[in-house]
Amino acid sequence: MILITGATGHVGAKVVTQLAARGLPVRAMTRRPEAATFPAGVEVVAGDCDEPASLAKAFEGVEQAFLMTSQPTGSPNLHTVVQVAAAQRAGVKHLVKLSVAAGGEEGHELVAAWHRRDEAAVTDSGIDHTLLRPGRFMSNTLGWKHMLGRGDTVHVAFAHRASTPIAPEDIAAVAVEAFTNPALRNRKLELSGPEVLTPEQELAIVGEVLGRRLTLVEPTTAQAIDGMVRGGMARDLAEKMIEHVLAGDYGADVSPVVEQVLGRPATTFRRWAATHFKEES
Ligand SMILES: NC(=O)c1ccc[n+]([C@@H]2O[C@H](COP(=O)([O-])OP(=O)(O)OC[C@H]3O[C@@H](n4cnc5c(N)ncnc54)[C@H](OP(=O)(O)O)[C@@H]3O)[C@@H](O)[C@H]2O)c1
């Protein structure tokens, strides 16, 4: 049995779908099983990392698990750390951890620090593991959809900051390979999309996909922080994340690992956007 934590999330949901499509036994963990929809044959289990006792049932009889971290800002309880403890108790044999580029080593803000501690919990667990270290997700641009629903002006923070955005579907496909190919055990996989893009270039591609002339407005740093706070992020975290974003051009190198692992090129932003902006709009 393969347990997927964060099974309703951007990457976790794709891992569930792709494992199920291969006919592998999958258990999807969510805090609200009644609200989630999964493919036929997927076992659904209730689990909440803020109530660690609930994880015992989720990890029972599990051989491999996909771990992700999503605790609220300021929480002393790191979700991956709690998950690793439950995995150890259940005798899990292999962990695939959704981390971040460079395992957070390049970051000095809270999320990077979370991932550094999470990775240490996984690598010190004595359990075989695979660390997935993606850069920026293409799905972050889905936050533009509500503005596109109102008109052709889109507010895009740090519009000229280059990165190598990656499709969550590709991260999930690498996770599936990690579960099924023993050669990927005890490896750290640095993952990126196939090209260097700025948010300005991504928005131009979305405009072409939608056949619309879109206007980009770049908020000031203060406005960007206020927007993140309105979106639910604690102000000190928002400030530190912005400081981190402005600190350098890390995360703008294309990694060959997705293509090496999957035997096909990583998904381009244009192809991904055609699915997620056009067909789902
Ligand atoms: N976004 C990026 O650009 C990026 C880049 C690199 C790395 N990452 C990392 O990727 C991970 C996913 O990020 P995301 O923002 O895209 O998250 P997300 O996919 O939106 O995931 C949220 C998931 O967390 C689960 N969750 C929330 N609270 C939980 C709890 N108390 N117990 C158990 N599960 C809980 C939710 O499950 P239910 O609500 O169904 O319970 C949901 O499936 C994060 O660790 C992030 O740091 C993100």
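For the structure itself, consult the block above.
Residues numbered from 1 in each chain as written. Predicted model: local features only at pLDDT ≥ 70, side-chain atom pairs only at ≥ 80, totals over all residues. Heavy atoms only, no water.

**Student:** Tell me about the nonpolar core, and name the residues and values.
**Tutor:** Counting residues in hydrophobic clusters, the biggest one holds 32 residues, and the most contacted among them are Ile4, Val15, Phe66, Leu132 and Leu191. Secondary structure elements with two or more residues in this core: β1 (2-4), α1 (12-21), β2 (26-30), β5 (94-98), α6 (168-180), β8 (187-191) and α10 (257-262). Top element by residues in this core is α6. It accounts for seven residues. Beyond its immediate chain neighbours, meaning those up to four positions away, Val15 contacts Ile4, Phe66, Ala172, Ala175, Val176 and Phe179. In terms of nonpolar packing, the next biggest core, distinct from the first, is built from 20 residues, Leu3, Ala58, Ala65 and Leu67 among them. (Core = buried A, V, L, I, M, F, W, Y, C linked by side-chain atoms within 4.5 Å. Buried < 20%, exposed > 50% of the residue type's maximum accessible area, 1.4 Å probe, protein only. Helix = DSSP H or I, 4+ residues; strand = E, 2+ residues; numbered from the N terminus. Contact = heavy atoms within 4.5 Å.)

**Student:** Lay out unusual backbone geometry in plain terms, naming residues and giving numbers.
**Tutor:** In this structure, Ala102 is a non-glycine residue whose phi angle is positive, near 60 degrees. Structurally, Ala102 can be placed in the loop between β5 and α4 (110-123). Overall, Ala102 belongs to the buried group, its relative accessible area being 12%. With a phi close to 60 degrees, Asn186 is a non-glycine residue in the positive phi region. Within the secondary structure, Asn186 sits in the loop between α6 and β8. With a relative accessible area of 43%, Asn186 lands in the partly exposed category.

**Student:** If you had to explain helix α7 (residues 199-210) to someone new, which residues and values would you point to?
**Tutor:** Helix length check: α7 (twelve residues) gives 16 Å between terminal C-alpha atoms against 16 Å at 1.5 Å per residue, within 8%. Every buried residue of α7 is listed here: Pro199, Glu202, Leu203, Ile205, Val206, Gly207 and Val209. Immediately downstream of α7, the backbone of Gly211 shows phi near 70 degrees, a positive value. (Expected span 1.5 Å × (residues − 1).)

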